[in-house]
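Summary of structural features
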Amino acid sequence: MTAEYRVDSGVAIVTLRNPPVNGLNHATRQGVVEAITRANQDSAVRAIVLNGEGKLFSGGADIREFNTPRMSQAPHLGTVIQTVEASAKPVVAALHGTAMGGGLELAMGCHYRVAAADTQVALPEVKLGLLPGAGGTQRLPRLVGLERGLNMIVSGEPVPAKALADTKLFDEVVEGDVLAAALALAQRVAGESRHPRARDLRIDYPNPDGYLGWARMTVAATAPQYPAPLRCVDAVAAAVKDKFDDALKKELGYFLELSMTPESRALRHAFFAERAASDVPGVTRDTPLRPIQRAAVIGAGTMGGGIAMNFANAGIPVQLLELQQEALDRGLATIRKNYENSAKKGKLTAEQVEQRMGLIQPTLSYDDIAQADIVIEAVFERFDIKEQVFRQLDAVMKPGAILATNTSTLDVNRIAAITQRPQDVVGTHFFSPANVMKLLEVVRGDKTADDVLGTVMKLGKTLRKTAVVSGVCDGFIGNRMIEQYSRQAVFMLEEGATPAQVDGAIERFGFAMGPFRMGDLAGNDIGYDIRQRRAKEKPGLHYGKLADQLIEQFDRKGQKVGKGWYDYKPGDRKAIPSREVEGMIAAYRDASGITPRKIPDSEIVERLVFALVNEACHILEEGIALRASDIDLVYLTGYGFPVYRGGPMQYANEVGLYNVMHAMQTFARNRQADPEFWKPAPLLRRLVLEGRDFE
Ligand SMILES: NC(=O)c1ccc[n+]([C@@H]2O[C@H](COP(=O)([O-])OP(=O)(O)OC[C@H]3O[C@@H](n4cnc5c(N)ncnc54)[C@H](O)[C@@H]3O)[C@@H](O)[C@H]2O)c1
């Protein structure tokens, strides 16, 4: 049974039992209806207590049931709640741990609620682009008031029961045994003939129209791309104005409408992608993981410093190694400055700054780090230097230590082969700034041991990263794809666009930053160096010449020198269109005999995004990425792809893969196009032929 039933001193105790979160799957919903019915028929029972087994009351819908027919099979949660609410014998909810989503909706259908003080309650549906569809938008504002209710519904954020102790949501908030308190309350109310129902309460608010109008404007301004928050306001407005049952119907209508929006599909896709990413072949629950209690980082530069901060933030002592005292001092000073900036913003206390700095131990000696459980190398991106470092690590590190490299472009298998223990070598590709960016590409070398991979994936979670496995290839998943995107961006300048037009189009699509502003931020010289190397390795590969001219003729490296694709005023990051760059582009077109054409924004977006998609297909076919959703996760967490579009693969599914391929074939016919570029990857062709999507 997923809802256990027992009777104690005339009170039926109905316990949700569906580990790990007492999710309200079909069997549990059915179990609750049966238990409430049984209690009402049981003459020995005078009152009912509903609670949850284990660490919490209920986390809401059972995500294992999502996208299955069981999800919508009767009894729906709304029916379960109606059964509870209509019970002739009083129902007391006993909440502890968490009551979220459907779990909180169910509790609000009970006549009384008792909560442990540290219980977290939330209606987080908005985070999946939905709204609570089983009366949550109707009952919560009645119980906690219009403003607090709407805030909780629109933000989806959890609130501790303690903070709501003064509201009608809770009859009692207790520090001790919540079940005992609920049983005592049940005894007290057992004989009463009428039981309070949230649906009968009125929402008292002096000027609800004024408030709701303001709320509508606020959510439209803060989340313009998302339809769900506005619908949350509409549903709460119905709670204020309409009869309960009419408003409930509206709420369900909004829920169904939202569930069919691309934004909700994207958010749900991202939610499941995050879970799927930790499912890695070769790593099972039984894979014994290596303990990580001490870490070391080699190189205290941009990345090394940020990586060390990640460990300190997670409370793991980390040694930071440089060869020169000066470099070490510089690195530590930068870390301290970062922490102090967080303290200034109120995110850390002065004490926490010192505590974290205390966890970072500087050293100049490899002997000092020998006992670390993992060492991450973040020195200059040159193979000869990495070679020296890995030789030393191989010589000094204790057996079983994980040797990781943060390289962006070098071959992890070649690095592993420097050592006598390639099974312990793995890539950990952090993104800049490493203490901020969520993405961690975990690069599995040919010889990387399964337990090393499993340990690093788990470490990713400890460091609060989104860890995604990538195979070994140039650029791994993210940078290999972005190269095709960047190539397209420059081709469009040749054909008639300006940097501001390309950036504007893709930023309106929702990217955090367009390719040219991005280049200026990261440094256009980095891309230049990569292209120089590529030109030697793959001489046939065609790049737009403008990016090279930008460096070779104009030394426009980007923000760090005050000029790149744009001009910058000292101390200001605002990108100002540059006369010099426009002149450079015009001269190039003249010299190449190109008559510029106006490229519509829609074409700019399609060319940039479909360039990503086509390369991603190769990456999938080669087994570099394990699944399409991993690729989406990389783009959502590392490259500023708009979350409400779900990542490049999800977006391609939404557009329709046939349409994606058709657009690519159209681009290939452009006069200036490189037809090789737009050759659809075999995987894309196959899926179109079979009428399938990326899964
Ligand atoms: N900067 C980025 O955006 C980024 C992103 C992902 C990965 N990476 C990779 O991270 C690595 C480091 O890049 P970075 O941007 O931090 O470089 P950086 O130049 O800022 O820092 C490198 C540091 O390594 C130190 N160093 C050099 N040789 C050393 C040695 N033999 N022993 C110990 N320390 C040594 C240098 O003194 C310097 O402090 C590179 O492999 C790079 O490709 C960089």
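Summarised in this report is the structure supplied together with it. Given the structure is predicted, the values throughout are model-derived calculations rather than measurements.

On to the environment of P229. Examined against the element boundaries, P229 turns out to sit in helix α8 (residues 228-241). Residue P229 is classed as buried on the basis of its relative accessible area, which comes to 9%. It is 6.6 Å that separates the C-alpha atoms of P229 and V126, two residues lying 103 residues apart in sequence. Among all residues touching P229, those that are not within four sequence positions of it are V126, V154, V219 and A223.

With that settled, consider the sheet that holds strand β14 (residues 402-405). Strand order in the open sheet made by the eight strands is β12-β11-β10-β13-β14-β15-β16-β17, with mixed pairing throughout. Strand pairing shows two members of the sheet lacking a second neighbour, β12 (360-363) and β17 (466-470), which therefore form its edges. Each adjacent strand pair in this sheet contributes to an overall mean axis angle of 25 degrees, direction not counted. One ladder, built from four bridges, connects strand β15 (residues 425-430) with strand β16 (residues 439-443); its direction is antiparallel. Paired with F430 across the bridge in β16 is L440.

This part takes up a nonpolar patch on the surface. Taken together, L252, L256 and M260 make up a surface patch of nonpolar side chains, about 300 Å² in accessible area. Mapped onto the elements of the fold, L256 is located in helix α9 (residues 244-259). What makes L256 partly exposed here is its relative accessible area of 45%.

Let's shift gears to the site of the ligand. The environment of the ligand is made up of 21 residues, and the closest members are M303, E322, E381, K386 and S408. Take T302: an N or O atom from its main chain is 2.9 Å from an oxygen atom of the ligand. E381 places a polar side-chain atom, nitrogen or oxygen, 2.5 Å from an oxygen atom of the ligand. Coverage of the ligand by the protein amounts to 79% of the 840 Å² it exposes when considered alone. Secondary-structure elements contributing two or more residues to the shell around the ligand are α11 (302-313), α14 (383-396) and β15. Tallying contributions element by element places α14 first for the shell around the ligand, with three residues. Residue composition of the shell around the ligand, by class: 10 nonpolar, eight polar and three charged.

For the rest of this paragraph, the subject is the nonpolar core. Counting residues in each nonpolar core, the largest one holds 75 residues, and the members touching the most others are W565 and F694. The greatest single-element share of this core, amounting to 12 residues, is contributed by helix α23 (residues 601-621). Once residues lying within four places of it in the same chain are set aside, the contact partners of F694 are V613, C617, L620, A628, M649, A652, N653, L657, L683, L684 and L687. Residues A35, F66, V91 and L212 belong to the second largest nonpolar core, which totals 64 residues.

Now for the pattern of salt bridges. Evaluated as defined, the whole model comprises 49 salt bridges. K127 is paired through a salt bridge with E157; the nearest N and O atoms lie 2.9 Å apart. In this pair, K127 is assigned in the loop between β7 (120-122) and α4 (136-144) and E157 in the loop between α5 (146-155) and β8 (159-160), connecting sequence segments 30 residues apart. The exposure class assigned to K127 is partly exposed, which follows from its relative accessible area of 42%. Residue E354 is joined to R336 by a salt bridge in which the shortest nitrogen-to-oxygen separation is 3.1 Å. In this pair, E354 is assigned in helix α13 (residues 350-359) and R336 in helix α12 (residues 325-344), connecting sequence segments 18 residues apart. Residue class for E354 comes out partly exposed when judged on its relative accessible area of 43%.

Right, let's talk about the packing of aromatic side chains for a bit. Under the criterion given, the structure shown has 16 aromatic pairs. The interplanar angle of 85 degrees and the centroid separation of 5.8 Å between the aromatic rings of F509 and F641 together place this pair among those described as edge-to-face. One end of the pair, F509, is in helix α18 (residues 499-509); the other, F641, is in the loop between α24 (628-638) and α25 (648-655), with 132 residues separating them in the sequence. According to the relative accessible area criterion, F509 is buried, its value standing at 5%.

Before going further, it helps to spend a moment on the sheet that holds β7. The strand order across the open sheet formed by three strands is β5-β7-β8, and the pairing between neighbours is mixed. The sheet is open, and its two borders are formed by β5 (98-100) and β8, each paired with just one other strand. Across three bridges, the pairing between β5 and β7 is parallel. Across the sheet, residue M100 finds its bridge partner in β7, namely A122. Contacts between helix α3 (residues 102-109) and the sheet are confined to β5 and β7, with β5 contributing the most and set at about 95 degrees to the helix.

What counts and what doesn't
- Starting from 1, residues in each chain are numbered consecutively following that chain's sequence as written.
- Confidence filtering applies because this is a predicted model: local features only for residues at pLDDT of at least 70, side-chain atom pairs given and counted only at 80 or more, and all residues used for totals across whole chains, interfaces and linings.
- The basis for every side-chain value is the complete set of heavy atoms in the structure, and neither hydrogens nor water enter the calculation.
- Secondary structure elements follow DSSP: runs of H or I of four or more residues count as helices, runs of E of two or more count as strands, with numbering from the N terminus.
- Three labels apply to residues, based on accessible area from a 1.4 Å probe with only protein chains included: buried if under 20% of the type maximum, exposed if over 50%, partly exposed otherwise in between.
- Contacts are residue-level and defined by heavy atoms, with any inter-residue pair within 4.5 Å sufficient.
- In short, DSSP must find at least two bridges between two strands for them to pair.
- A fitted line through C-alpha atoms serves as each axis, taken over the contacting stretch for helices, and the angle formed by two N-to-C directions is quoted from 0 to 180°.
- Each patch is built from residues lacking any salt bridge and having more than 30% relative accessible area; the joining distance is 9 Å for like charges and 5 Å for nonpolar side chains (Val, Leu, Ile, Met, Phe, Trp, Tyr).
- To measure how exposed things are, a 1.4 Å probe is used in the Shrake-Rupley method; for residues, cover is taken only from the protein chains shown.
- The salt bridge criterion pairs a side-chain nitrogen of Lys or Arg with a carboxyl oxygen of Asp or Glu, the two atoms within 4 Å.
- For this purpose, a residue is taken to be near a molecule or strand whenever a single non-hydrogen atom of the residue falls within 4 Å of it.
- Polar contact is defined as a pair of N or O atoms within 3.5 Å, subject to the rule that within protein one atom must be able to donate a hydrogen and the other to accept it, and that residues adjacent in sequence are counted only when both atoms are side-chain atoms.
- Basically, the charged four are Asp, Glu, Lys and Arg, the nonpolar ten are Ala, Val, Leu, Ile, Met, Phe, Trp, Tyr, Cys and Pro, and anything else, Gly included, counts as polar.
- Among the buried residues, those of types Ala, Val, Leu, Ile, Met, Phe, Trp, Tyr and Cys that are joined through side-chain atoms within 4.5 Å form a nonpolar core.
- Only centres within 6.5 Å qualify two rings of Phe, Tyr or Trp (six-membered ring in Trp) as a pair; their planes then separate them into stacked at under 30 degrees, edge-to-face at over 60, and tilted for everything else.

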